[in-house]
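These are the residues of each chain, in order.
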Amino acid sequence: MNTVEIIRKKRDGKNLEENEIDFLISSYTKNKIPDYQFSAFLMAAFLNGMNKEETSSLTKAMLYSGKVINLKSIPGVKIDKHSTGGVGDKTSLILAPIAAAAGINVPMISGRGLGHSGGTLDKLESIPGFRTDLNLADYKRVIKKCGAVLIGQTKDIAPADKLIYSLRDVTATVESIPLITASIMSKKLAEGIDGLVLDVKTGSGAFMKKLEDAEMLAQSLLDTAKSFDKKVIAFITDMNQPLGNYIGNWLEVYESIKVLQGEVKGDLLELSKTLSGAMIFLGGKASSIEEGKEISQELIDNGKAFEKFLEIVKLQGGNVKLIEQPEKYPKAKVVDKVISKEDGYIKSIDNFKIGMAALELGAGRKTKEDKIDFKAGIIFKKKIGDFVKKGEIIAEMYSSSEAKSKNVKSIFYSFLEFSKEKVTIPELIKDIIN
Ligand code: URA
């Protein structure tokens, strides 16, 4: 095989064979192809695209660059959920215990925050003692015991993706549907799952800002999952405003606890139940998504979902007392308010900028080495469609320093748009594809 010939083929818009893709991925993972050649391939794939077969071959090559976890010794069906990420998206913390309480195994390998978008691992690590770095034996032990486990990617899981993702990040080749598909699916398939529920976000706080792009990504993820014989359902959901009201790591754990205890309703509860309902349906414990949603609500109402969350936290070393009494969590040093300067309906929120504002307050990282302030973030008191009076509080900001708070406060208001007329709330679930 000749690397230059394969790059030339893709550059000229031709389709690559499975063995050519295999060769590229295994050689790059073994450090036998330099970054400059692999970058040229990535850009050719970015510009000319890859068809269904090529995307499936790329996923396979990336998947088998590492270990595929075998969960056959664990009885029952294994279903996971993957979201393409966004602001205030904490559904994993809610749906994993719900689905596990319904008898579905949820082996979840999650990521950290990326830019404006939060990450499940960082949220979980805001719980003192919670370990996300379990080895494979402990991963299996926890899921066997309680039906759910939430850990981070290990060096053995899809190592090709780790290398390729960092190269894409610095070669402007992230926003490519086949490359995103292979990256996501290689990690998810390595978990040893039978089925997957996909939550593809669209809107100002999402990777895919336009609905058509989100639809295309969802279809590509679906086709690839099916080519590996996995059961799959994809949802296209709104990311034009934060999901729920809390943004920031511990703040999001807090809001998830309140949803699991049945105290918080609204978009976060609705989406969590839809996704867990789909997991319960895919796992064969309900005859429709709707029935899966009803089961999810029952498990919240009878306290079993919250009990399951406590069990997961305990088995992964987290402080259960703080989950039972979340009010005892240490408070942020500085709390400030964003006050409305006018009467009107909130028409839009620049959700990407809100995510960046939360990062600025300390809830995310600017460099890989940055330490997260788990208490930092934003609580929205009003969302799109709500009427606000001049002088009313729109949001509260939590941080560790007056300077950070002041900086964010000076620009926060410009991320909001008001209207004198009533406005339509963006539809939460825009499409279901299966
Ligand atoms: N998430 C991933 O895991 N990979 C991508 O390429 C984009 C989002």
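Residues numbered from 1 in each chain as written. Predicted model: local features only at pLDDT ≥ 70, side-chain atom pairs only at ≥ 80, totals over all residues. Heavy atoms only, no water.

K.L.:
Give a detailed account of the overall build of the protein chain, specifying residues and quantitative values.
P.N.:
Across its full length, the protein chain carries 17 helices and 13 strands. Here the C-alpha radius of gyration of the protein chain, 22 Å, is about what a compact globule of 434 residues would show, namely 22 Å. With 434 residues in all, the protein chain has 57% of them scored as buried. Within the protein chain, contacts between residues at least 6 apart in sequence are counted, and of these 78% link residues at least 24 apart. For the protein chain, the separation between the mean place of its 64 positive charges and that of its 58 negative charges on side chains is 4 Å. (Helix = DSSP H or I, 4+ residues; strand = E, 2+ residues; numbered from the N terminus. Rg over C-alpha atoms; globule rule 2.2 N^0.38 Å. Buried < 20%, exposed > 50% of the residue type's maximum accessible area, 1.4 Å probe, protein only. Contact = heavy atoms within 4.5 Å. Lys, Arg positive; Asp, Glu negative; His and termini not counted. Charge placed at Lys NZ, Arg CZ, Asp CG, Glu CD.)

K.L.:
Tell me about the packing of aromatic side chains, and please be specific about residues and values.
P.N.:
On inspection of all chains with the given rule, the structure shows eight aromatic pairs. Ring centres 5.9 Å apart and planes at 20 degrees place the aromatic pair Tyr246 and Tyr254 in the stacked group. Each of the two residues, Tyr246 as well as Tyr254, counts as buried. Consider the rings of Phe380 and Phe412, whose centres lie 5.9 Å apart with planes at 45 degrees: the pair is tilted. In this pair, Phe380 is assigned in strand β9 (residues 377-380) and Phe412 in helix α17 (residues 402-412), connecting sequence segments 32 residues apart. (Phe/Tyr/Trp six-rings, centres within 6.5 Å; stacked < 30°, edge-to-face > 60°.)

K.L.:
Got a sec to walk through the pattern of salt bridges? Specific residues and values, please.
P.N.:
In the structure shown here, the tally under the stated rule is 31 salt bridges. With its nearest N and O atoms 2.7 Å apart, the salt bridge here joins Glu255 to Lys90. One end of the pair, Glu255, is in helix α11 (residues 249-260); the other, Lys90, is in the loop between β1 (79-83) and α5 (91-101), and 165 residues separate them in sequence. A single burial state applies to Glu255 and to Lys90, both of which are buried. A salt bridge links Lys382 to Glu392; the nearest nitrogen and oxygen atoms lie 3.0 Å apart. Here the residue Lys382 occupies a position in the loop between β9 and β10 (387-388), and Glu392 occupies one in the loop between β10 and β11 (393-399), the gap between them amounting to 10 residues. (Salt bridge = Lys/Arg side-chain N within 4 Å of Asp/Glu carboxyl O.)

K.L.:
Could you give an account of the domain arrangement of the protein chain, with specific residues and numbers?
P.N.:
Taken as a whole, the protein chain is organised into domain 1 (3-49), domain 2 (79-324) and domain 3 (330-419). Computed over C-alpha atoms only, the centres of domain 2 and domain 3 are separated by 25 Å. Here domain 2 and domain 3 share an interface that buries about 1,900 Å² over both sides, 56% of which is from carbon and sulfur atoms. At the surface where domain 2 touches domain 3, the tally comes to two salt bridges. Asp267 serves as the salt-bridge partner of Lys383, at 2.6 Å between the closest nitrogen and oxygen. Viewed at the interface, domain 3 and domain 2 are joined by 14 residue pairs in polar contact (both at pLDDT 80 or more). Elements with a minimum of two residues in the side of domain 2 that touches domain 3: α6 (120-125), β6 (246-247) and α11. A total of three residues in the side of domain 2 that touches domain 3 trace back to one element, the largest contributor, which is α11. For the side of domain 2 that touches domain 3, the class distribution of residues is eight nonpolar, 12 polar and four charged. (Domains from an automatic or database assignment. Buried area = accessible area lost by both parts, 1.4 Å probe. Polar contact = N/O pair within 3.5 Å; in protein donor to acceptor, adjacent residues only side chain to side chain. Nonpolar A, V, L, I, M, F, W, Y, C, P; charged D, E, K, R; others polar.)

K.L.:
Describe in detail the environment of Thr181, supporting the description with residues and values.
P.N.:
Looking at the element boundaries, Thr181 is found in helix α9 (residues 177-189). Separated by 38 residues in the primary sequence, Thr181 and Gln219 have C-alpha atoms spaced 9.7 Å apart. With sequence-adjacent residues up to four places away left out, Thr181 is seen in contact with Thr55, Leu217, Ser220, Leu221 and Thr224. In this structure the side chain of Thr181 is engaged in a polar contact, spanning 2.7 Å, whose partner is the side chain of Ser220.

K.L.:
Tell me about the site of the ligand, residues and numbers included.
P.N.:
Neighbouring the ligand are Tyr165, Arg168, Ile180, Ser183, Ile184, Lys187 and Phe207. Arg168 has a polar side-chain atom sitting 2.9 Å from an oxygen atom of the ligand. A distance of 2.5 Å is found between an oxygen atom of the ligand and a side-chain nitrogen or oxygen belonging to Lys187. Relative to its unbound accessible surface of 240 Å², the ligand loses 89% to contact with the protein. Those elements that provide at least two residues to the shell around the ligand are α8 (159-169) and α9. For the shell around the ligand, the element with the highest residue contribution is α9, accounting for four residues. Taken together, the residues that form the shell around the ligand break down as four nonpolar, one polar and two charged. (Near = heavy atom within 4 Å. Areas by Shrake-Rupley, 256 points an atom, 1.4 Å probe, with all protein chains shown as cover.)

K.L.:
Could you give an account of the sheet that holds strand β12 (residues 416-419), naming the residues involved and the relevant values?
P.N.:
Reading across from one edge, β10-β8-β12 is the order of the three strands in this open sheet, with antiparallel pairing throughout. Either end of the sheet is taken by a strand with one partner, and the two such strands are β10 and β12. Bridge count for strand β8 (residues 344-349) against β10 is two bridges, and the pairing is antiparallel. Counterpart to Gly344 in the pairing with β10 is Val388. (Pairing = 2+ DSSP bridges.)

K.L.:
Outline the pairing of β9, listing residues and values.
P.N.:
Residues Gly377 and Ile379 point to one face of β9 and Ile378 and Phe380 to the other, with burial holding for every one of them. Sheet topology places β6 next to β9; two bridges connect them, and they run antiparallel. Within β9, the position partnered with Tyr246 by the bridge is Ile379. Bridge analysis of β9 against β11 gives four bridges, and the strand direction is antiparallel. Paired with Phe380 across the two strands is Ala395, which belongs to β11.

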